[in-house]
Amino acid sequence: MIFGADYYPEQWPPGTWHEDVVLMRQAGVNLVNVNTFSWASLEPEPGRFEFAELDKVMDLLSGAGIGASLATPTAAPPAWFLRRHPRVLPVTSDGVTLGTGARESFCPSAPEYRRAAAGITRALAERYREHPALRTWHVNNEYGAHAPLCYCDRSAAAFRSWLARAYGSVTALNDAWGTVFWGQTYTQWEEINPPRRAPMPVNTTQRLDFLRFSNDEYIACFRTEADILRAVTPGIPVSTNFMVGEARCEDYWTWAGHVDYVGTSSYLQTAESDSHVLLAMYADLARGVAGGHPWLLMEHATGAVNWRPRNPAKMPGQMRRNTLAHIARGSDGAMFFQWRASRFGTEKFHSAMLPQAHTDTAVWRDVVALGADVRALSEIRSSRVLAEVAIAWDWQSWWAMEFEDKPSCDLRYVERMRAYYRALWGRKVTIDIVHPGAALDAYRLLVLPSLYLLDEACSANLRDYVAAGGCVLVSYFSGIVDRNDHVYPGPYPGALREVLGLYTEEFHPLGLGEQVLLSDGTTAGVWSERVVTAGAEPELTFASGPDAGEPAVTRHTFGAGSAWYVAARLEADALSALLAKVLTDAGVRVADWPEPVEAVVRRGEHAEYLFLINHDRTGAHRVTASGTDLLSGTVHDGSIELQPSQVAVLRRRRGDRR
Amino acid sequence: MIFGADYYPEQWPPGTWHEDVVLMRQAGVNLVNVNTFSWASLEPEPGRFEFAELDKVMDLLSGAGIGASLATPTAAPPAWFLRRHPRVLPVTSDGVTLGTGARESFCPSAPEYRRAAAGITRALAERYREHPALRTWHVNNEYGAHAPLCYCDRSAAAFRSWLARAYGSVTALNDAWGTVFWGQTYTQWEEINPPRRAPMPVNTTQRLDFLRFSNDEYIACFRTEADILRAVTPGIPVSTNFMVGEARCEDYWTWAGHVDYVGTSSYLQTAESDSHVLLAMYADLARGVAGGHPWLLMEHATGAVNWRPRNPAKMPGQMRRNTLAHIARGSDGAMFFQWRASRFGTEKFHSAMLPQAHTDTAVWRDVVALGADVRALSEIRSSRVLAEVAIAWDWQSWWAMEFEDKPSCDLRYVERMRAYYRALWGRKVTIDIVHPGAALDAYRLLVLPSLYLLDEACSANLRDYVAAGGCVLVSYFSGIVDRNDHVYPGPYPGALREVLGLYTEEFHPLGLGEQVLLSDGTTAGVWSERVVTAGAEPELTFASGPDAGEPAVTRHTFGAGSAWYVAARLEADALSALLAKVLTDAGVRVADWPEPVEAVVRRGEHAEYLFLINHDRTGAHRVTASGTDLLSGTVHDGSIELQPSQVAVLRRRRGDRR
Amino acid sequence: MIFGADYYPEQWPPGTWHEDVVLMRQAGVNLVNVNTFSWASLEPEPGRFEFAELDKVMDLLSGAGIGASLATPTAAPPAWFLRRHPRVLPVTSDGVTLGTGARESFCPSAPEYRRAAAGITRALAERYREHPALRTWHVNNEYGAHAPLCYCDRSAAAFRSWLARAYGSVTALNDAWGTVFWGQTYTQWEEINPPRRAPMPVNTTQRLDFLRFSNDEYIACFRTEADILRAVTPGIPVSTNFMVGEARCEDYWTWAGHVDYVGTSSYLQTAESDSHVLLAMYADLARGVAGGHPWLLMEHATGAVNWRPRNPAKMPGQMRRNTLAHIARGSDGAMFFQWRASRFGTEKFHSAMLPQAHTDTAVWRDVVALGADVRALSEIRSSRVLAEVAIAWDWQSWWAMEFEDKPSCDLRYVERMRAYYRALWGRKVTIDIVHPGAALDAYRLLVLPSLYLLDEACSANLRDYVAAGGCVLVSYFSGIVDRNDHVYPGPYPGALREVLGLYTEEFHPLGLGEQVLLSDGTTAGVWSERVVTAGAEPELTFASGPDAGEPAVTRHTFGAGSAWYVAARLEADALSALLAKVLTDAGVRVADWPEPVEAVVRRGEHAEYLFLINHDRTGAHRVTASGTDLLSGTVHDGSIELQPSQVAVLRRRRGDRR
C-alpha cells in the first residue's frame, strides 16, 4: 500500500532534506512525487541539462528506501522558453493571450512545445532509467484542469486537421454540425474556426467537437511523453494525475486506455455537510475510469485547501475517515498534496503532512497514525470492490447539456448525479460508475441520473440490457440528442422512448423556487413534463402544476427487464423512497444501517474486507457484522459498535455476507 | 388576415416538405417566411448562385396557395465570405473581434459586406420577381438585435463621416459634446474614436451619437437592399422584422419611414404573472411605430422560447389569448417562429407550430383551432385601434438615462413605462404609444413615465398641447437634459418647469429598500425630491423621508389644460388611484370592468369590434357589452359572461358605446 | 483657513465668471483650484500655447482677492496628442488598450507622455510665476485612482529596469519571488513580464512588486512636474490631490515625502449609517500621511456624488458636521468639488457649492454659513491633533492580503480597520494612523487590526516598543508574511510570535454565516484558530466551534509592556468591551460621553480647541466641557448641552483637561 505525498525539495535548502527523509520514515511514507515543475532548473538554457540537484534528491530517497514517482516537468515550460516561443502561450475564446508568471502557459497543439517536452522527457528518462528510487513515471500535471481550451491560430489549424480526420469531407461535417441552421455551411476546411466568441451562441456541435479535439490534444501530449518513457524504461509504469471531480473538460473514459494505472486527485468540499458522500462518488468514478481495477489516490489534503473562497480545515478524525474511505473504494494507498507546507507561492496556505507549525501538531500526529493504519491494511492490496448497481456517467453529455439555450438553466449534470448517488449511498448500496456503453450484464440496476446526450450504440446497449432482464432507472432530460447534439426524430426522449414505454409531449420547466405537488404528497421543483405512456404504468402522478394528473414516475416492463422513468426533481426523501422500490424491483438487497455509517466491501483472493466508517463525530452506531478489524486487531462476532468517527476494516472469509 | 410562420425547409429532407404543405393547409397557414439564413446555400462561392432548392420551395408554396415572405439572407454572411474578408467581423468596445459559427458576424459599416449583400439581393430579386408565391420581401433579420455596435476601425471612420455630416465643424461637435469637460477637446475629425472602453466613463454625448450613428448604419444596410428590391419588384412590399420590445439600440421611430409596413417579433415573458400586460404594451408600441396603422406580428411562440434562463411553456389557452391580443391591438394576422421544431442548432428547444412530438399534441390542435379563429376575423382587417390616451416613448431618452453616473441606478426606463402602462391597462384604457414630438391633439391625456431627455422641439410640443387644453402626467426625472444630454439651464426639470409650474431644488434618491410615507398613508420607494411649487398645487405630500411635508404629487393649471407631476415611485395601487383622478381631470371615461379582462376596440369602416379577453384561467367574469361574437357566432345583448380564458370579438355598429 | 472649490470656468461663458467671483466672495471662498483638465485648450497643437483665457481667469481671481491653486493639466492629455502617440494609451492585464473620450488615458511609463507633461508644466510655470493669484501648484489629478496599472510593453520594460535596480541580479529576484514554485525561475531580465492574466494565479511577489513599481512610476510622473515647478517658482508649495480612502493602489506613505503639504479628497459613504466614523478614519489617515501636520481637505461634496449606484444627498446639517469634522482632525480648511454644478459631462449630477437651482436653495445658504464658520476658526490654523493611541496602516499589506488563495475571502483589510477604529471612536479616543515602522514612543497603545504583511524592521519596531513599556493589540492573520509575501519560518504569526507569547497551530476559518460562541457568551464569525500559548494568558476562550475550549483573546507581558491578541472577529459590542479593558491596561483615559458625540482636540501654541460634534439629528446631548465656542461666541463653564446636529469648538487654555 502506497503512502506518500508531493515533495518539492527545491523549495527548501538542502539541509532540510535530511530532516524530510527522517520524518517521512517516521510517517511511513514510501512514495513521493518529485520534479513536477522543475523544467527551468533541469534545463536552464536550451539543451543544457543540470541534474545535480535532482540526483541528490533521488539518491537520498533511495537511500531511505522511499520510492520516487518521477514527474516530467512539462506542466511548467521555462520562462526562457516562452520568451523564445511566445506563440506557445494559450489564447482565450476572447482572443486574450494568457501570460507567464503562473504555470500551464502552453497551447497543447504548439509544435515547439511538444518538441521541447519530448526533449526534456527523453533526457530525464535516460538519466534515471537505472535509478533504484524510480518506481513510476508521473507525466506532466493535471492535464486540462486549468486552461483546457486554447483558441490560437495553431489550435485552429490542428482543429481543422482533427475534423478532416473525423469527418473525411466538409459535407459530412456540415451534416453533423447542422450548419444549414443559421447559414453556417462550410465549403472548405480553412473556413472553420474554433468556437471563438461570436455575436450569438456558436454551433453546439462545433463546440462539442472542439472539446473532444482539445481532450485529444492533451492525450497526444501525454502520449508524446509516455511513448518515450515506455521505450526507455519498459518496466516502469507511466501515468498522470487525473482530476476526475474537477477537470470537466477531460473525458477520462478516453484517457483510461493510455495510462498504466489510474491516479486521481480528490479535494474534499469541506464546506458541505455531506462532503464525504461526494468524495465517495468521485472515488467510485476513479475506480470506474480504472475499469474496476485498483487505482491510486494521488493527491488529497490533510486539512484545508487554499483555492476556495473559504478554506476550513478538517475536523478531528476527518482526514483519517476521508483517506480510508478512498482505500475502501479501491485506492491501493493514499498520497497527499503536499509533504511540507510551502513558505511562498500560491499554495502556501494549503495544508500539508508537515504543517508550518511542524511536528508538535495534531496534523502531524494524525499523519503518523494514518501511516500506520495504511500499513495495517497491506493485505487488501489488489482486492476489488464489487457492485450490483451502476450509474452511467458521460463527460460529453455533461458538456452538451450545459451549453446555454436549454429548457432550464437548472438542468445541471452533477446536481442529478449527486442526488441519485446520495440516495443510493444512504441505502449502503455500492455503486460502479460506468460509461453508458459499458458491459452491463453484471449489474442488477443501472441508473441514468442525467444523460442528455446518448448515442445510438449506447442506446442499443441499454435496450439490450433491459431486454435481457436488467433494470434501468432514468431521470428527466435523458436520451434527448445523439452524439452530434441533434434531437432524435420524433417525440422526446428519442433514445429511450421504446425502453421506457412512453414519450414526452412537451417540457414544462418550473420557475425559480416554483414547486409542484406529487400524488404521494411530496413536492418537486425545477422540472415537470407531459409524459404520455405507451406501455409504461404510472407509479406516481403530478398533483399540481402544469401536468397535474399526469404521470410523474413510471415503470415499464420491457423484455425480461423493467425501465423506470422519473419526470420530476424529487426531494431527497422521496427519491430515497423511490429507490427502495426500484432496488427491490431490481432484486438488490440493501442494508438498513444507520445513516452516518459508510459501508463498502473489497474482495481479495482469499478474504473480503468490510470497511465501516462512522461519519458521526459524536454518536456511536451498531451494525451487524463479523470479522477481525485490521486496524485495531479486535475480533467482532455478530455485531460491532462503531464509536464516533471510528473506522473498522473487518476481514472475513470470502462468501460470508454481512 | 395573415396566419403563418418562419419556415426552414433547408433543415429537412425534401420528402418532409410535402407533409409540411399539407399540414400548413390544415392549419390555415397562408404566408411563410423563407430563405432567412440561406446565403451560403444560394451563393456557395463568390458570384455563383444555386437557386434550384429555393425554386422547389417557392413552387411548392405557390402550388399550395401559400404566399412567401421572401427573405434576403444577409443576416448570415457565408463562411467563405468571412474568410475572404475578415475585416467584416464586428469588434467589441474591448477590441475583441467576434468570430464565426453563429450568425450576424458582420460590421454594418463594412463596404465589402454592403456590396455583397446588394449582390445577393439583386440576384434573388431578379430570380423571383415574377414568382406567383412572392407576397412580400423580408430584408435581413432582426437588425441590431444581437450585436448592435461595432467599434472597428472602419466603423470609426464611418462614425467620423457621420459626425462631420451632423455637425459640420469640429467646433460645433465640441460644443455639442461638452468636450471641455475633462479636456477632451478635438481639433480634427481624425482624433475622434468610437466610445471604446476607457479608464473612466466615456463622454455620454459621444455615446449617444454612436448609438444614433449605429442605428443609422443599420438603416443604411436596410436601404441598400430595399432600394434594389423596390426597383426590381415595384409592387411588392418591403419590410424587416423589428424587435420593438428587445432591440433597445434601434430607434424604431427613425426606422418607420423606411419600411412599407411594420412587422415585429413579440416574445412573451412567460415567467411573469402580468406578462399579458407587457405583451399588450409592446403591441401598442408596434402600432405606434406603424403610425397607428395595422401592422404584423411577424414572430411569436406557440410555447416556450429557448434563450431565457428558464423557459416555461404556455398554459392551456394562453397561446390563443396572446395571439388574439396582438390582433386586438392592430396586428392584421399572426406569424410564429417557427413552423416545425428544429432537430439541431441553437433553437432546437424553441417551440413551433409543429412540435417534436408532431400532430398528436395539444400544441398542434391549438394551432389548427387558432388558424380557424384568425380566419373568422377576416372582416376586421385594416380596422384601426383608437385611443384617447397616449404614452410618450423615446429610445434615445432610454439610452441617455441608463448610462451610469445618474442619481440612482434604480432609474430604469422600462420599469416606469410598465408601471404606468399597467395602471392604465387595469382601467381598460386604450393607449397609443407615441414619440414625444408627435401630433397630440387627438388625445385627452398624455403620460410621460420616463423621459429624461426631451429636446426643445418636443418640450414646446408638450407645452402647446397643454396650453391648448391637453392634460399631461409626468413622472420624476423627466425633461432633465436636451438632445446633447446637457442639463437645461436653471433648476430641474428645465424642459418642463414652466408647464408643470414647479422646479426641483435637489434630488433625494432613496437607498436600496428604503421607503417613505406619503400623506395618504401609502408608501413609495426609490425616489424623493425637493419640489418647489411655482403655480402648481400639491395633491399629495411626503410624510416622511428627506422631503417630509413637501409636495410629492402636484397639479398645475396651464393655459386651457393641466399638468400633473409625480415626484415619487408610487406603489401600484396608489398609482392606479392617482390615475383615476387624472383620467377624470382629463375627461377620459373608464370602464369599471373586472381586473383580468382585457378590452380593446378596433374600428372598421362599417363596424366596431370589441375584443374581450379573459386572462383568468379559472374564473368567469361578466361585462356589459353587446354584439355578435365573430369567434363563436353568439349574439350578446347587454352583457356577456366570459368563461375562463375566453376570448370574444363583438361586432357592433359604429358609434355604439360599450 | 482655506475655503474653496474646484472651479471650471471653461465650462461656462465668460459672462458667468463675474457672477462666480461675486458669489465666491459672498461665500467666503479664498482659494480655487483651476486648470485641472485644460491641456487641450492651453496647447491646441504641439508647442503652440494659448493662455489668453486662463490669463483672464487668473486676473479675475486676483482682482477679487481669491487665490489660485493652479493645476498642471496633465491628467488629460489632448486628443491630438493621443492620436499622434497611440502607444501612450494604457493597456489592461487582459491586453485591452483603453481608449479616449474620458480622461487619464496615459501610461505613466510612456516617455512621450512624460516629455509632453514636462513641456506644458514648464510653459505654465513660466507664464504664471509672477501672477499674484498663484498660491499653490496642484500637479495632475488623483494619480493612480482610476487606471492604476498599465501592462503595456513599455511598462514591461520599465518594470524590468525597476526590478534590476531593486534586486541587482536575477538570482536575487528568483529568491525574493520564490520562482522555484511552479517552475517560474528566470534566467534573464527580458523573460520577466508584468503580471498579465495567466492560466492560473500569477506569483504574488511579482504582483506586489508590480504594484510598488506602478506606485513609483506615478511618483516619478509627479516628480517630473514638481521639479520643474519648484525650480521656476521656488516659493510656491507643490502638491497633488491624494485619495487616501479610495486609491488603494497608491502607497501614500511613499508619496508623503514628495509633496509640500498633504491634500486629499474625502467622499462620504452617505448610504452608511456610521459614515461619519469612516470619514473620521480617513481624515486621521490623511493626517497620518501628513506626519501629524495640518493638511488640507482638497475635495469633498456639499451633497450627493454621482458615481455610486445610489447617490443620496446630505441631510440638513450634515455637510457642516462633515466639513468641521475634517477641520477638527487637522485640515486647515476645506474645499469642495465643485464650485458650480456642470451642465454636461460625467459629473453633471454631482453636487456643488452652487447647485443647478442656484442661490435660492438650502445648499447655497448652508455653504455661505459654512464659509463664515470656517472664518470663525481662523485662530486654530496650524494647531495640532494629539493622540495617545495609534493604529498601524499599510497599503502594501492590504495589497498582499487581498490577493486570492487565502484561508478565507472574508479576510478584508478595511473591514477590520473600520471595526477597531469604530470601537475606539465610540470611546472618544483620538487616534493617529501610522505606518508600522513609525516612531511609536509617543503612544500608550498601538492597534494592529489587519497587518498580514509585516517586514522584519517593522516587526522589530513593534517588539522594541512593547519591550519598552508599550501596549499592542493585534488582530488575527497579522504578521504572517515578510515583505516578499513569504510565510515566516515556523508557526504563525512569525513576525509576532515572540511579542504575543503564543503561536498558531492551524487556522480554522468559518463558513459563510457560521458563528462560534465565546466564553463570555458573545458570538464571533469568520475566523477561529488554534492558539497555543507560550507565555500569554487567555483572557477569553472559544466556547464552541473548531477551537472550543482554546484561547480566543490573550494577553502577554513582554518586557515592560503588554501584547494582546484577538483570534476572532468579535461583534461590535464585544470588541468595544475588550477595548475598554485594553485601554485601561495601556493607561489611556477615556471619556464616557454619549455615543453620537464626536470629540477631538486640536492644540495650538496658546490654546486648545475642543471640537464637539453632535451627530444626532434629533436628540440633544450634554457633555462636561468648558471654554468659549468659537462658532457661537457662547461661553460654557463646566458643561455644554449640544443641540441636535450642533457643532461647538471650545477654546480653553492649554493644559486644561476636559
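Scroll up a little and you will see the structure.
Below, the structure is looked at part by part.

Cut-offs applied
- Residues numbered from 1 in each chain as written.
- Chains lettered and ligands numbered in written order.
- Predicted model: local features only at pLDDT ≥ 70, side-chain atom pairs only at ≥ 80, totals over all residues.
- Heavy atoms only, no water.
- Helix = DSSP H or I, 4+ residues; strand = E, 2+ residues; numbered from the N terminus.
- Rg over C-alpha atoms; globule rule 2.2 N^0.38 Å.
- Buried < 20%, exposed > 50% of the residue type's maximum accessible area, 1.4 Å probe, protein only.
- Salt bridge = Lys/Arg side-chain N within 4 Å of Asp/Glu carboxyl O.
- Axes fitted to C-alpha atoms, helices over the stretch in contact; angles between N-to-C directions.
- Parallel < 35°, antiparallel > 145°, perpendicular 65-115°, else oblique.
- Contact = heavy atoms within 4.5 Å.
- Nonpolar A, V, L, I, M, F, W, Y, C, P; charged D, E, K, R; others polar.
- Least-squares fit on C-alpha atoms with pLDDT ≥ 70 in both.
- Buried area = accessible area lost by both parts, 1.4 Å probe.
- Polar contact = N/O pair within 3.5 Å; in protein donor to acceptor, adjacent residues only side chain to side chain.
- Pairing = 2+ DSSP bridges.
- Phe/Tyr/Trp six-rings, centres within 6.5 Å; stacked < 30°, edge-to-face > 60°.
- Lys NZ or Arg CZ within 6 Å of the ring centre and 35° of its normal.
- Expected span 1.5 Å × (residues − 1).
- Lys, Arg positive; Asp, Glu negative; His and termini not counted.

What follows concerns the overall build of chain A. Of the regular secondary structure elements, chain A holds 17 helices and 29 strands. Taking 658 residues into account, the globule formula puts the C-alpha radius of gyration at 26 Å, and chain A, at 26 Å, falls close to it. Along the three orthogonal principal directions, the C-alpha set of chain A runs to about 75 × 75 × 40 Å. Among the 658 residues that make up chain A, the fraction classed as buried is 66%.

Tallied over the entire structure, the rule returns 123 salt bridges over all chains. Among the salt bridges present, the one from R103 of chain A reaches E142 of chain A, with a minimum N-O distance of 2.9 Å. One end of the pair, R103 of chain A, is in the loop between α4 (79–84) and α5 (111–128); the other, E142 of chain A, is in the loop between β4 (134–138) and α6 (153–167), and 39 residues separate them in sequence. Ionic pairing is found between R463 of chain C and E498 of chain C, a salt bridge with its closest N-O pair at 3.8 Å. With R463 of chain C in helix α15 (residues 456–467) and E498 of chain C in helix α16 (residues 497–500), this residue pair connects regions lying 35 residues apart in the sequence. Relative accessible area serves as the criterion here: at 48%, E498 of chain C is assigned to the partly exposed category. Bridged by salt links that share partners, the residues D284, R287, R329, D432 and E598 of chain A form one connected network.

Here the focus is the packing of helix α1 (residues 14–27) of chain B against helix α12 (residues 362–376) of chain B. Packed helix pairs are specified by the crossing angle of their axes together with the interaxial distance, meaning the distance between the axes. All names here are of chain B. Look at α1 against α12: their axes get within 8 Å of each other, and the N-to-C directions meet at 55 degrees. With respect to α12, the element α1 is oriented oblique. Along its contact with α1, which presents L23, Q26 and A27, the element α12 presents W364, V367, V368, G371 and R375. Class assignment for the residues of the contact of α1 with α12 results in five nonpolar, two polar and one charged.

Rotating chain A by 120 degrees and translating it 0.0 Å along the rotation axis places it on chain B, where the RMSD comes to 0.0 Å. Given the turn and translation reported, the copies of this chain are related as if by a three-fold rotation axis. Relative to the rotation axis, the C-alpha of V96 of chain A is the closest in chain A, positioned 4.9 Å from it.

With 53 residues of chain C in contact, the opposing surface of chain A contributes 45 residues. When chain C packs against chain A, the two sides together hide about 4300 Å² of surface, and 58% of this comes from carbon and sulfur. When the area that chain C buries against chain A is broken down by residue, the three leading residues are F181, W182 and P199 of chain C, summing to 17%. Between K348 of chain A and D485 of chain C there is a salt bridge, with the nearest N and O atoms lying 3.1 Å from each other. Taken together, the connections running from chain C to chain A amount to 14 residue pairs in polar contact (both at pLDDT 80 or more). Listing elements by their share of the side of chain C that touches chain A, those giving two or more residues are α8 (204–232) and β15 (502–507) of chain C. Top contributing element to the side of chain C that touches chain A by residue count: β15 of chain C, with five residues. A breakdown of the residues in the side of chain C that touches chain A according to their chemical character gives 25 nonpolar, 16 polar and twelve charged.

This part is about helix α11 (residues 318–328) of chain A. α11 of chain A sits mainly inside the fold: ten of its eleven residues count as buried. Of the positions making up α11 of chain A, those classed as buried are Q318, M319, R321, N322, T323, L324, A325, H326, I327 and A328 of chain A.

Before going further, it helps to examine unusual backbone geometry. Going from F337 of chain B to Q338 of chain B, the amide bond is cis rather than trans, its omega being 5 degrees. Here Q338 of chain B lies in the loop between β9 (331–336) and α12. Even without being glycine, N140 of chain A reaches a positive phi, approximately 50 degrees. Residue position: N140 of chain A is located in the loop between β4 and α6.

Every contact between the two is made by 53 residues of chain A and, on the other side, 45 residues of chain B. A buried area of about 4300 Å², summed over both sides, lies between chain A and chain B, and 58% of it is on carbon and sulfur atoms. Its largest share of buried area at the contact with chain B, chain A owes to F181, W182 and P199 of chain A, together 17% of the area lost on that side. The partner of R310 of chain B in a salt bridge is D410 of chain A, with the nearest N and O atoms 2.6 Å apart. Our enumeration of links across chain A and chain B arrives at 14 residue pairs in polar contact (both at pLDDT 80 or more).

Turning our eyes to something else, we now look at the environment of L454 of chain B. Mapped onto the elements, L454 of chain B comes out in the loop between β13 (445–448) and α15 (456–467). Considered as a pair, L454 of chain B and N484 of chain B are 30 residues apart in the sequence and their alpha carbons are 9.9 Å apart.

Looking now at the sheet that holds strand β22 (residues 569–570) of chain A. All names here are of chain A. Here three strands make up an open sheet; going across it, the order is β16-β17-β22 and the pairing antiparallel. If you trace the sheet from one side to the other, it starts and ends with β16 (515–517) and β22, each paired once. Pairing geometry for β16 and strand β17 (residues 523–525), over three bridges, is antiparallel. Residue Q515 lies in a different strand from β17, and its bridge partner there is G525.

Now for the packing of aromatic side chains. Going through the model one piece at a time under the given rule, you end up with 131 aromatic pairs over all chains. Between Y143 of chain A and F222 of chain A the ring centres are 6.4 Å apart and the planes differ by 85 degrees, which places this aromatic pair in the edge-to-face class. In this pair, Y143 of chain A is assigned in the loop between β4 and α6 and F222 of chain A in helix α8 (residues 204–232), connecting sequence segments 79 residues apart. Judged by centre distance (5.8 Å) and plane angle (85 degrees), the rings of F51 of chain B and Y128 of chain B are edge-to-face. Taken together, the residues F51 of chain B in the loop between α2 (39–42) and α3 (52–63) and Y128 of chain B in helix α5 (residues 111–128) connect sequence positions 77 residues apart. The same class applies to F51 of chain B and to Y128 of chain B, which are both buried. Joined through ring pairs, the aromatic side chains of Y143, Y218, F222, F242, Y252, W253, W255, Y282, W393, W395, W398 and Y413 of chain A make up one cluster. Above the plane of the ring of W12 of chain C lies R340 of chain C, whose end atom (NZ or CZ) is 5.1 Å from the centre.

This brings us to the sheet that holds strand β11 (residues 389–392) of chain C. The strands making up a sheet associate through backbone hydrogen bonding, with each pair oriented either parallel or antiparallel. All names here are of chain C. The strand order across the open sheet built from seven strands is β12-β11-β13-β14-β21-β20-β19, with neighbouring strands paired in mixed fashion. Pairing within the sheet leaves two strands with one partner each, and these edge strands are β12 (431–434) and β19 (537–541). If you compare each strand with its neighbour and ignore which way they point, the axes differ by 20 degrees on average. With four bridges connecting them, β11 and β12 associate as parallel partners. Bridged to V389 within β12 is I431. Strands β13 (445–448), β14 (471–475), β20 (551–558) and β21 (561–566) of the sheet are contacted by α15, whose axis makes an angle of about 145 degrees with β13.

A separate point is helix α17 (residues 572–586) of chain B. Residues and elements named next belong to chain B. In this model, α17 (15 residues) spans 20 Å end to end at C-alpha, consistent with the 21 Å of a helix rising 1.5 Å per residue. Taken together, the buried positions of α17 are occupied by A574, L575, S576, L578, L579, V582, L583 and A586. Among the residues trailing α17, G587 stands out with phi positive, at a value near 80 degrees.

Residues and elements named next belong to chain C. By secondary structure assignment, the location of R321 is in helix α11 (residues 318–328). In this structure, R321 is buried with no salt-bridge partner, the nearest side chain bearing the opposite charge being E598 at 7.6 Å. Here H615 takes part through its side chain, which lies 3.5 Å from a polar atom of the side chain of R321. At 2.8 Å, the side chain of R321 and the side chain of S645 are in polar contact.

Turning our attention to the pairing of strand β24 (residues 607–614) of chain B. All names here are of chain B. Most of β24 sits inside the fold, with eight of its eight residues counted as buried. Alternating positions in β24 separate into two faces, A607, Y609, F611 and I613 on one and E608, L610, L612 and N614 on the other, with burial throughout. The pairing of strand β23 (residues 597–603) with β24 spans seven bridges and is classified as antiparallel. Its bridge partner lying in β24, E598 is registered against I613. Hairpin connection from β23 to β24: three residues lie between these consecutive antiparallel strands.

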